[in-house]
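Geometric and topological summary
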Amino acid sequence: MTTTTLAVLVPLLPFLGAVAGLLFGRTAPGFVRPLAVLPTLAAAVLAVLVAVRQGGGKAIDSATELTPTGSVPIELALHLDGFAVLVAVLVGVVATCVQLYSTAYLREDPRYPSYAALVSLFTSAMLLVVYSGDLMVLLVGWEIMGICSYFLVGHYWETEAARSASLKAFLVTKLGDVPFLIGLFALAADAGSFRITEILGAVTAGGLDHPTLIALLLLAGVAGKSAQFPLHTWLPDAMAGPTPVSALIHAATMVAAGVYFVARLLPVFAASRAALVVMAVMAAVTMVGSALAALAQDDIKRVLAYSTVGQLGYMTGALAVGDRSAAVFHLLSHGAFKALLFLGAGVIIHAAGTNSLAAMARMDGLAKRIPDAFWTMSIALLALAAIPPFAGFFSKEAVLVAAEHTATGHSDFAPSTAGWLVLVSGVLTALLTAAYATRLWLMAFRGRGAAAPDHGKEPLAMTGVLWLLAIPSVAFGLAAGPLADWFDGKELTPTLTTSVLGTGAAVIGAMLTYALWQRASVTAARAGAVPTAPGAPVVAGAASDAAESAAQAPEVAEVTHEHPVVPAAPAADPGKALLGPLYPHAHAGFHLDAVYDALFVRPVRAAAGLVRFLDRTVVDTYVRGAGSGPGLLGALVRRAQTGNVQSYLSALLAGAVVLAIATAVLANVNAGS
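Residues numbered from 1 in each chain as written. Predicted model: local features only at pLDDT ≥ 70, side-chain atom pairs only at ≥ 80, totals over all residues. Heavy atoms only, no water.

So, on to helix H1 (residues 3-24). With 22 residues, H1 extends 31 Å from end C-alpha to end C-alpha; this agrees with the ideal 32 Å at 1.5 Å per step. The largest bend in H1 is about 30 degrees, located at Pro11. All of the buried residues along H1 are Thr3, Leu6, Ala7, Val10, Pro11, Pro14, Gly17, Ala18, Ala20 and Gly21. (Helix = DSSP H or I, 4+ residues; strand = E, 2+ residues; numbered from the N terminus. Expected span 1.5 Å × (residues − 1). Bend = angle between axes of the 7 residues up to and from the residue. Buried < 20%, exposed > 50% of the residue type's maximum accessible area, 1.4 Å probe, protein only.)

So this is what it looks like as structure tokens:
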């Protein structure tokens with residue numbers, strides 16, 4: 001079987017699994033889990049085989065015309081280079097882990113069949129984006145992911161939070177997709193083709209007439225899909241969906257699609273230095289702002305969501321300074337440890353009965369109850385904080401090295417301004433990332449108070465996946481040397497300068513957070529807010545944070561055993577001391593939702609109200625008048641039709657008299673004149 005045939009099967013198998021799951025999920029429930037896991041697993045195996053055959057060598061291209069258009073052709077094309085085959089492996093592996101994990105996590109969910117089918121379709125769409133060599137075919141996968149995210153985020157549609165989150169995710173991403181679609185057509189019009197290889201050839205030959213306009217239009221779609229400022233607000237709210245969906249969206253699909261798209265078409269963006277500066281500014285604001293917001297979140301999944309936004313900012317920053325190898329390297333590394341973080345968070349929620357870090361901070365012994373999640377999440381958080389030798393250190397350092405080269409003038413690909421923006425914001429974000437990673441670890445696993453509930457060992461389908469993902473989270477960074485041959489040949493190894501800057505910032509952030517946590521814990525203990533002895537009795541009459549979190553997040557009630565009562569007093573939160581007066585603003589996402597509500601939502605709703613008023617009061621009045629006028633006239637005429645012959649003769653005689661009088665009057669008037 002040829003490599004091209006294998007590549008076609010990679011997105012096709014999950015698609016067929018999704019169709020079969022939707023058709024037979026209700027009638028044959030015994031086949032639901034095999035139809036969810038086996039096609040995705042087969043796709044992952046085939047993706048690995050395609051990667052081995054491609055071997056980082058010359059790109060494999062294959063195309064057939066899909067339909068004649070009379071102008072720019074649309075082709076069903078494959079483009080398999082080192083970037084594509086490795087990203088496809090990531091998608092396949094993470095999707096398989098998510099499907100396996102979901103069989104246990106959502107085992108009691110009555111809508112699991114449709115959920116599993118949508119996850120398979122989601123996976124198929126992302127694989128189509130990765131392998132596609134034609135922008136129109138890529139757009140199909142791009143939009144299918146948007147539709148799947150709408151249904152998966154809204155999985156618990158009975159609740160207002162899930163409905164609002166799914167609608168917000170759909171609308172915000174569509175807001176970016178409108179200019180994105182315009183940009184695709186403008187790009188194809190300038191290049192004369194939708195084929196990626198031909199577009200890149202046209203860019204090399206200087207064939208783009210409007211490079212800045214096209215790059216900015218495409219960048220709007222990327223900002224929406226990859227949750228970059230200012231279109232990032234949908235991603236934290238999307239945590240209303242099941243945790244495995246969050247792992248899939250954040251690690252290997254949807255948000256990764258935007259970064260991957262820019263990496264594939266980087267020469268298009270590089271044709272405009274202004275677009276690169278805009279991309280650098282977007283990345284810098286996204287990195288720093290999301291890291292600050294993550295420090296102020298109580299929901300463990302929202303912390304990880306803002307973390308994803310920031311890590312995507314690193315990838316966008318690498319692209320802004322012209323190093324797509326570093327961007328995709330960090331995409332692959334981040335995909336492994338972020339999937340582990342979300343799936344580990346699911347185990348914590350499953351065991352603790354809450355998604356609130358404040359509630360976990362008042363539970364003693366949670367780490368002992370779930371040792372698999374404790375150790376694997378510790379590994380993932382170390383990778384997130386970019387502590388050597390974990391995977392995140394190598395990939396994040398690759399981004400900082402690329403920014404340093406551009407800032408110091410060693411690279412002419414992008415303006416030095418872009419390099420400095422990415423470098424400074426990247427180092428600052430490294431400090432903040434280590435701070436919120438340390439805060440999450442301390443509040444989740446080093447709580448003090450009532451004993452955490454003991455429900456026994458978590459299912460193997462959940463814990464086994466965690467250890468599987470822990471392997472690349474630890475060791476993937478060691479592949480930095482060989483990966484250079486799969487990409488553009490650029491070195492991905494850290495330099496001394498960036499290593500000292502990045503790691504030093506991370507260590508400072510972690511140590512500062514730990515010191516502030518200890519002080520907050522002592523202060524809380526002295527105030528009697530947190531019992532200091534393990535297993536201390538629960539404060540009588542205390543409200544349950546876990547019950548409150550269950551009300552806000554339907555997933556908690558769906559997947560947890562019970563909701564333990566924990567003391568209602570404030571927990572030791574180092575984030576408040578770190579941020580000070582900035583804390584409430586960071587907790588609210590710097591009020592961007594309120595800004596958008598004032599600038600866009602309210603004016604649009606007011607305009608819609610005006611249109612409704614004009615339609616119902618003005619337009620409908622004319623319409624009703626046009627219908628009631630003839631009816632009134634008909635009613636008057638109907639009254640004259642009595643059927644009485646004498647009445648008709650009388651009316652005829654009266655009319656004749658009136659006509660005679662009028663004739664006589666007119667004759668006299670004419671004679672006088």
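Structure shown, so let's carry the discussion forward.
What follows covers the environment of Leu12. Following the sequence through the fold, Leu12 ends up in helix H1. Since its relative accessible area comes to 35%, Leu12 is described here as partly exposed. Through-space distance from the C-alpha of Leu12 to that of Leu127 is 9.0 Å; in sequence the pair is 115 residues apart.

To continue, consider empty space enclosed by the protein. Enumeration over the complete set of coordinates arrives at 3 cavities of 30 Å³ or more. Volume-wise, the second largest cavity comes out at about 50 Å³. Every residue along the wall of the second largest cavity is listed here: Gly17, Ala18, Gly21, Gly25, Val32, Leu35, Ala36, Pro113, Ala116, Ala117 and Ser120. For the lining of the second largest cavity, the secondary structure elements donating two or more residues are H1, helix H2 (32-54) and helix H4 (112-131). (1 Å grid on protein atoms, 1.4 Å probe; cavity = no way out; pocket = protein on both sides within 12 Å on 5 of 7 lines; lining within 4 Å. Points joined across faces, edges and corners; volume = space filled by probe spheres on them.)

Further remarks concern the pairing of strand S2 (residues 74-80). With respect to burial, S2 is a largely interior element, 6 of its 7 residues being buried. Alignment of strand S1 (residues 60-67) against S2, held across 7 bridges, turns out to be antiparallel. Looking at the pairing, Ile60 lines up with Leu80 of S2. The antiparallel pairing of S1 with S2 creates a hairpin that spans 6 residues between the two strands, and Gly70 there sits at a positive phi of about 85 degrees. (Pairing = 2+ DSSP bridges.)

Take the confidence of the model for the protein chain next. Confidence in the prediction for the protein chain averages 88 pLDDT; 93% of positions are at 70 or higher. Averaged over each element, pLDDT in the protein chain is lowest for helix H24 (residues 545-552) (45) and highest for helix H13 (residues 273-294) (96). In this model residues 529-551 is a low-confidence stretch, pLDDT under 50, and it forms 54 contacts with partners more than four residues away in sequence or in other chains. This model gives residues 563-567 a pLDDT under 50, and the stretch forms 29 contacts once residues within four places in sequence are excluded. (pLDDT = per-residue confidence, 0-100. Contact = heavy atoms within 4.5 Å.)

Right, let's talk about helix H21 (residues 460-475) for a bit. An ideal rise of 1.5 Å per residue puts 22 Å on 16 residues; H21 measures up with 23 Å between its terminal C-alpha atoms. Listing the buried residues of H21 in full gives Met462, Thr463, Val465, Leu466, Leu469, Ala470 and Ser473. Looking down the long axis of H21, one finds its buried residues gathered within 155 degrees of arc, a one-sided arrangement. Facing away from the buried side of H21, by more than 90 degrees, are the exposed residues Leu460 and Ile471. Of the surrounding secondary structure, the elements contacted by the buried residues of H21 are helix H3 (82-105), helix H15 (324-352), helix H18 (371-384) and helix H19 (391-407). (Arc of directions from axis to C-beta.)

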